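Per-entry structural report
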Amino acid sequence: MPIFKPDVETMGRKDLQELQVERLQIVVNQAYANVDFYRRKFDEAGLSPDEIKSLEDLGKIPFTTRKDLMDNYPYGMFAVPLRDVVRLQFPLGMHGNPIVIGYTREDLKIWRELVARILVGIGITEHDIIQVAFNYGLFMGAIRFSQSAELIGAAVVPSSIASADIQIRILQDFRSTVLASTPSFALHLMETIQRKGLDPKTLSLKTGLFGAEPWPESVRQALEENLRIQAYDIYGVMELIEPGVSGECPARKGLHIFEDHFLPEIIDPQTGRVLSEGQEGELVLTTLTTSAYPLLRYRTSDVTALHSEPCACGRTLTRMDRVLRRTDRMISVRGINVFPEKITEVLTGIPGAGPGYALNARTKYGMNDQLTVQVETATEILGGREAQKAAFLETLQLAFRRALGLRVEVELKQG
């Protein structure tokens, strides 16, 4: 199987660790010199950047959390002047202060290469037509897929959030060979194809690249059997880069982490203690090459385990298990991340709503498909005219749609 960058992806473990130490020392010094947050954290811990001399010293560095990113909104985590930032990313659905991620030209070049590694690693070539059915709105992953596909010479169809009928028309007429989307949307396409009575053998589709939400093996099996494809998982971090941290290869024994750019650890989410290889815990990532937005020991809240033995595909990069759980209360609904704190934030701004509420997610194929929010409602609204209740429901649904980027069902209940 072809490898986009074999000199790094098949590098011996000793050489890779030497490269990681070299890059770690550079990024630590840059963060300390240019980011007030990290300078404060190091000084409070009595730690000097010069003390980070090996990978074992990584544990001396304090963790970075999502709250830290929110507290330093908008540009407090940037390590370069704003004039050097050429792209800004604003993840949707966060509670409290938003998070702003910045990229320099070199950062964007790296991210394009990382996704290209995933594409090439599963056999995608310049002869493929990639249908990108991710939302081209605030989700930067869709743009990244397009740019990375063009980097390897593949053709791109940016079908975005077009309806299932239009997506299928494109699959048929353009003869797309690769579908990149959320697994839940791929299931929707699969069901629409079945309802139309179409034979998937008549499509040119052969590969699926799915991410942005957890999906169990049963979903992989359903997609492969009913769409006649090989389905692969990809992984990214909303607060850092999504996708591009890791991806599966044809062996499908875990997702290869691009360790020349990210240094992974697994910790006990309760104690922060670093766990041994193979033990399941919270994934912590340190960026090694990011210029604009370096993150040191960032707690992702994703639960996984690491494995460093070489893979059958030839890569020597550490692999992570597929992420199916988190340590926080965030849930993913059709690829949209929903934080309970955001629900509270929305209700706070609507007179007569809350503060109490309950979340119920309807599942399909083991994934969250529809979110219902049961909202405690003032007595005068519940006992009022039907028109008043209907207007109140509409207000809530619109507020959630704007805040989450997701349509939710709203039910009113006695407070």
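The coordinates are above.
Reference entry: report on the structure contained in this document. Just so it is clear, the structure is predicted and the values come from calculations on it, not from any experiment. Counting of residues starts from 1 at the beginning of each chain's written sequence and follows it residue by residue. A pLDDT threshold of at least 70 governs which residues receive local features in this predicted model, and a stricter bar of 80 or more applies before side-chain atom pairs are shown or counted, although totals over entire chains, interfaces and linings include all residues. For side-chain calculations, the full set of non-hydrogen atoms in the structure is used, while hydrogens and water are omitted.

**Examining the environment of Glu280**
Think of it this way: any DSSP run of H or I at least four residues long counts as a helix, any run of E at least two long counts as a strand, and we number them from the N terminus. Relative to the elements of secondary structure, Glu280 occurs in the loop between β10 (262-267) and β11 (281-287). In the structure, Glu280 is positioned twelve residues away from Asp268 in sequence and 8.3 Å away in space, judged by C-alpha atoms. Between two residues, a contact is recorded if the distance between any of their heavy atoms is within 4.5 Å. Once residues lying within four places of it in the same chain are set aside, the contact partners of Glu280 are Ile266, Leu275, Val303, Thr304, Ala305 and Arg325. Side chain to side chain, Glu280 and Arg325 meet in a polar contact 2.5 Å long. We call two N or O atoms a polar contact when they sit within 3.5 Å, provided that within protein one can donate a hydrogen and the other can accept it, with sequence-adjacent residues counted only if both atoms are side-chain atoms.

**Details of the packing of helix α2 (residues 13-34) against helix α3 (residues 36-44)**
Interaxial distance between α2 and α3 falls to 5 Å at its minimum, and their mutual angle equals 105°. Our classification of the angle between α2 and α3 gives roughly perpendicular. Of the residues in α3, those in contact with Val28, Ala31, Tyr32, Ala33 and Asn34 of α2 are Asp36, Tyr38, Arg39, Phe42 and Asp43. Only Asp, Glu, Lys and Arg are considered charged, only Ala, Val, Leu, Ile, Met, Phe, Trp, Tyr, Cys and Pro nonpolar, and every remaining residue, Gly among them, polar. When the residues that make up the contact of α2 with α3 are grouped by side-chain class, the tally is six nonpolar, one polar and three charged. Axis lines are fitted to C-alpha atoms, over the contacting stretch for helices. Their N-to-C directions set the angle, which ranges from 0 to 180 degrees. What sets the label is the angle itself: under 35 degrees gives roughly parallel, over 145 gives roughly antiparallel, 65 to 115 gives roughly perpendicular, and the rest give oblique.

**Here we look at the pairing of strand β8 (residues 241-248)**
Two faces belong to every sheet, and in a regular strand the side chains alternate between them. Within β8, eight of the eight residues are buried, which leaves the element mostly enclosed by the surrounding structure. A strand pair is defined by DSSP finding two or more bridges across the two strands. Both strand β7 (residues 230-237) and β8 contribute to a ladder of three bridges, which runs antiparallel. Directly across from Tyr235, in β8, lies its bridge partner Ser246. If you look at the hairpin formed by β7 and β8, you'll find three residues sitting between the two strands. Here three bridges tie β8 to strand β9 (residues 255-257), and the two strands are oriented antiparallel to one another. For Gly247, the partnering residue across the bridge sits in β9 and is His256. Hairpin geometry of β8 and β9 is characterised by an intervening segment of six residues between the two adjacent antiparallel strands and by a positive phi of about 50° at Arg252. Relative accessible area decides the class of each residue, using a 1.4 Å probe on protein chains only: under 20% of the type maximum gives buried, over 50% gives exposed, and in between gives partly exposed.

**Observations regarding the layout of surface pockets**
Over the atoms a probe the size of a water molecule is rolled, and this reveals where empty space is left. Method remark: on a 1 Å grid restricted to protein atoms, a set of points is classed as a cavity if a 1.4 Å probe fits but cannot get out and as a pocket if it is open with protein on both sides within 12 Å along at least five of seven lines; lining residues have an atom within 4 Å of a point. Grid points are joined across faces, edges and corners, and a volume is the space filled by probe spheres set on the points. Here the largest pocket is characterised by a volume of approximately 1,100 Å³. Residue lining of the largest pocket: 35 residues in total, with Asn135, Arg334, Gly335, Ile336 and Gly405 positioned closest to the centre. Elements supplying a minimum of two residues to the lining of the largest pocket: α8 (183-196), β17 (336-338), β19 (367-377) and α12 (386-404). Here the lining of the largest pocket takes five residues from α8, the largest share from any one element. Here the residues of the lining of the largest pocket sort into 17 nonpolar, eleven polar and seven charged. There is about 640 Å³ of room inside the second largest pocket. Taken together, 38 residues line the second largest pocket, and the ones lying closest to its centre are Ala212, Glu213, Pro214, Asp302 and Val323. The leading source of residues in the lining of the second largest pocket is β7, at five residues. A breakdown of the residues in the lining of the second largest pocket according to their chemical character gives 20 nonpolar, seven polar and eleven charged.

**So, α8**
Multiplying one less than the number of residues by 1.5 Å gives the expected span of a helix. Over its 14 residues, α8 runs 20 Å from end to end, which matches the ideal 20 Å to within 8%, given 1.5 Å per residue. Among the residues making up α8, those that are buried are Pro183, Ser184, Phe185, Ala186, Leu187, Leu189, Met190, Thr192 and Ile193. Looking at the buried residues of α8, the elements they touch are α7 (164-174), β5 (178-181), β6 (207-210), α9 (217-227) and β19. Two residues or fewer after α8 comes Gly197, characterised by a positive phi angle close to 75°.

**Some remarks on the side chain of Thr64**
Relative to the assigned elements, Thr64 resides in the loop between α3 and α4 (66-71). Overall, the relative accessible area of 0% leaves Thr64 in the buried class. Engagement of the side chain of Thr64 in a polar contact is seen with the side chain of Tyr38, the distance being 2.8 Å.

**Details of the pattern of salt bridges**
The working definition used for a salt bridge is a side-chain nitrogen of Lys or Arg within 4 Å of a carboxyl oxygen of Asp or Glu. Throughout the structure, instances matching the rule amount to 31 salt bridges. In this structure, Glu113 engages Arg117 in a salt bridge whose closest nitrogen and oxygen atoms are separated by 3.0 Å. In this pair, Glu113 and Arg117 both sit in helix α5 (residues 105-121), four residues apart, roughly one turn of the helix. Look at Arg117 and you get buried, because its relative accessible area is 1%.

**Some thoughts on the packing of aromatic side chains**
Aromatic rings from Phe, Tyr and Trp, with only the six-membered ring used for Trp, were paired whenever their centres fell within 6.5 Å, and each pair was classed as stacked if the ring planes differed by under 30 degrees, edge-to-face if by over 60, and tilted otherwise. Evaluated as defined, the whole model comprises eight aromatic pairs. For the pair Phe78 and Tyr293, a centre-to-centre distance of 6.1 Å together with 85° between the ring planes defines the contact as edge-to-face. Here Phe78 is found in the loop between α4 and β1 (87-89), whereas its partner Tyr293 is found in the loop between β11 and β12 (298-304), with 215 residues between them in sequence. Classification of Phe78 by relative accessible area gives buried; the value is 6%.

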